[in-house]
Amino acid sequence: MSLVFAGVCSHAPGITGRSERADAALREPFYAAFRAMSEALHAAKPDALLVIAAEHFANFFMDSMPAYAVGMADNYDGPIEDPAWLRIPRRLARGNPGLSRRLIAEIQKSVDVTYAEEWRLDHGIMVPLYFLDPQNTLTLIPANINCQGPPLTPLNRVWAFGEAIRRAADKVPERIALVGTGGISHWPATPDSGMINEPWDREFLRRWAGQEREAMLSYSDEEIYRDAGQGGFEIRTFIATAAAARGTGKVHFYAPIPIFAVGCTIATLEIL
Amino acid sequence: MSLYQLSKLLFQLNRDEGLQARFKLDPEAGVAGFQLTEEERRAVLEPDIGLLYVLGVNGQILMHFAAFSGIDWADYLQRMRDGVKRHGPVRAGVYAMLSGPDDRVAGV
């Protein structure tokens with residue numbers, strides 16, 4: 001039928017795995033914004049939730065790294081990490097391979113994507129699902145953009161991927177919700193974990209919320225690495241979501257939470 | 001240097017419970033079949049998290065190997081700092097250290 005919801009959120013594993021170490025004055029409003037996003041998502045009554053993620057070597061590795069991948073499985077299990085480490089219990093999320101296949105066929109008319117009939121969820125999708133689908137009721141279609149192993153797909157191609165997802169969502173009879181998930185600036189899993197370039201984040205979010213396409217796509221990977229860290233490569237997930245939604249964005253929550261290693265973000269986009 | 005092989009071993013170890021069980025039982029057998037230098041092999045078996053970090057293992061792989069090895073978050077960060085002190089700057093990859101060796105960016 002159409003795209004019925006579009007938003008973005010953070011997914012850092014510390015959000016659940018190191019929750020008690022965060023300042024409650026920041027943590028609780030962030031969790032509340034996540035829950036509000038969940039309510040808005042469910043209120044849109046989606047038949048499927050397509051998550052554009054930036055996975056971290058759970059399924060895809062440098063032996064054969066797809067720039068873009070979309071899941072086409074009956075179900076998806078996760079987290080692939082130790083559930084005690086992530087503090088998210090294992091679950092089996094329901095898939096819909098027939099719907100995946102129709103979406104992928106349409107996306108492929110303009111962007112070459114890898115399809116995957118096997119896919120295990122890492123924190124990049126499990127942390128969003130923990131908040132957005134606590135009862136595990138939604139049908140999931142995972143998608144991935146390589147943001148980890150350079151060379152990375154250029155931002156103008158990311159935009160095209162988002163446009164292709166929108167075209168595909170409009171073409172199928174099902175109601176599709178879209179969530180992009182990634183960090184803005186961050187240096188995760190290193191001694192620099194907790195470093196956050198807040199001015200850079202706010203400027204990126206300004207461009208993103210304003211649908212400033214050229215400005216959003218003008219960052220080079222060298223600039224991103226220097227100013228926003230290797231985690232900043234994940235802006236690809238936000239950009240693809242903006243391309244799919246077409247409307248302007250509203251940032252419901254943004255605050256650097258160092259122990260979560262990222263500027264925690266919850267935002268939605270108008271669908272035009 | 002065979003960073004790719006080293007990373008592949010840890011990638012597979014992170015996702016394969018069978019390999020995890022074999023590795024716990026007999027670490028040397030667990031690393032057999034991967035083309036590692038002696039330094040890399042030693043870094044995995046010890047495990048020397050700091051050296052693995054300096055060798056350029058992507059943090060998204062390394063943090064799970066550290067957790068698998070029973071190393072908590074604060075200790076993981078400290079071992080990487082100590083690794084840079086002992087072995088010098090990160091030699092490859094995109095996970096170089098920007099903060100000082102005694103910084104505690106997030107308080108840990």
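Residues numbered from 1 in each chain as written. Chains lettered and ligands numbered in written order. Predicted model: local features only at pLDDT ≥ 70, side-chain atom pairs only at ≥ 80, totals over all residues. Heavy atoms only, no water.

Caption draft 1: Molecular detail of the overall build of chain B. From N to C terminus, chain B includes seven helices and zero strands. Helices (α) and strands (β) of chain B occur, in sequence order from the N terminus, as α-α-α-α-α-α-α. For 108 residues, the compact-globule estimate of 2.2 N^0.38 gives 13 Å, and chain B sits close to it at 13 Å. With respect to the three principal axes, the spread of C-alpha positions in chain B is 35 × 25 × 20 Å. A sequence separation of at least 24 residues applies to 60% of the contacts in chain B between residues at least 6 apart. Looking at charge distribution, chain B has the averaged site of its 12 positive side-chain charges lying 2 Å from that of its 14 negative ones. (Helix = DSSP H or I, 4+ residues; strand = E, 2+ residues; numbered from the N terminus. Rg over C-alpha atoms; globule rule 2.2 N^0.38 Å. Contact = heavy atoms within 4.5 Å. Lys, Arg positive; Asp, Glu negative; His and termini not counted. Charge placed at Lys NZ, Arg CZ, Asp CG, Glu CD.)

Caption draft 2: Expanded view of the sheet that holds strand E9 (residues 246–257) of chain A. Residues and elements named next belong to chain A. One open sheet holds the eight strands; their spatial order is E6-E3-E7-E2-E8-E1-E10-E9, and the pairing between them is mixed. Of all strands in the sheet, those with a lone pairing partner are strand E6 (114–116) and E9, marking the two edges. Averaged over all pairs of adjacent strands, the angle between strand axes in this sheet comes to 20 degrees, irrespective of strand direction. In this sheet, strand E7 (residues 140–145) lies alongside strand E2 (residues 48–53) in parallel orientation, the contact comprising five bridges. The partner of Val51 across the bridge, within E7, is Pro142. (Pairing = 2+ DSSP bridges. Axes fitted to C-alpha atoms, helices over the stretch in contact; angles between N-to-C directions.)

Caption draft 3: Broad picture of the interface of chain B and chain A. Taken together, the contact between chain B and chain A spans 30 residues of the former and 32 residues of the latter. Interface area for chain B against chain A, summed over the two sides, is near 2800 Å², with a carbon-plus-sulfur share of 63%. Inspection of the chain B/chain A interface yields one salt bridge. In this structure, Arg90 of chain A engages Glu17 of chain B in a salt bridge whose closest nitrogen and oxygen atoms are separated by 3.9 Å. (Buried area = accessible area lost by both parts, 1.4 Å probe. Salt bridge = Lys/Arg side-chain N within 4 Å of Asp/Glu carboxyl O.)

Caption draft 4: The arrangement of the side chain of Gln211 of chain A in detail. Residue placement: Gln211 of chain A occurs in the loop between helix H7 (198–209) and helix H8 (213–216). Since its relative accessible area comes to 16%, Gln211 of chain A is described here as buried. (Buried < 20%, exposed > 50% of the residue type's maximum accessible area, 1.4 Å probe, protein only.)

Caption draft 5: How the structure looks around the nonpolar core. With 86 residues, the main nonpolar core has Phe30 of chain A together with Leu52, Phe65 and Tyr76 of chain B as its most contacted residues. In contact with Phe30 of chain A, not counting residues within four places along its chain, are Ser10, Ile15, Phe253, Ile257, Phe260, Cys264, Thr265 and Ile266 of chain A. Counting residues in each nonpolar core, the second largest holds 57 residues, with Ala48, Ile165, Val172 and Leu178 of chain A among its members. (Core = buried A, V, L, I, M, F, W, Y, C linked by side-chain atoms within 4.5 Å.)

Caption draft 6: View of the pattern of salt bridges. Inspection of every chain in the model, using the stated rule, returns 22 salt bridges over all chains. Its salt-bridge partner being Arg207 of chain A, residue Glu203 of chain A comes within 2.8 Å of it at the nearest N-O pair. Note that Glu203 of chain A and Arg207 of chain A are positioned in helix H7 at a spacing of four residues, about one turn of the helix. The class for Arg207 of chain A is buried, based on a relative accessible area of 16%. As a salt-bridge pair, Glu28 of chain B and Arg41 of chain B come within 2.9 Å of each other at their nearest N and O atoms. Placement of the pair is Glu28 of chain B in helix H3 (residues 27–31) and Arg41 of chain B in helix H4 (residues 38–45), with a sequence separation of 13 residues. Given a relative accessible area of 25%, Arg41 of chain B falls into the partly exposed group. Several salt bridges converge on common partners, so that one network encompasses Glu106, Lys109, Arg167 and Lys171 of chain A.

Caption draft 7: How the structure looks around the confidence of the model for chain B. All names here are of chain B. Model confidence for chain B is summarised by a mean pLDDT of 94, while 99% of its residues fall at 70 or above. Mean pLDDT across the elements of chain B bottoms out in H3 (92) and peaks in helix H5 (residues 49–55) (97). Overall fold confidence (pTM) sits at 0.97, and the ipTM for the predicted complex is 0.93. (pLDDT = per-residue confidence, 0-100.)

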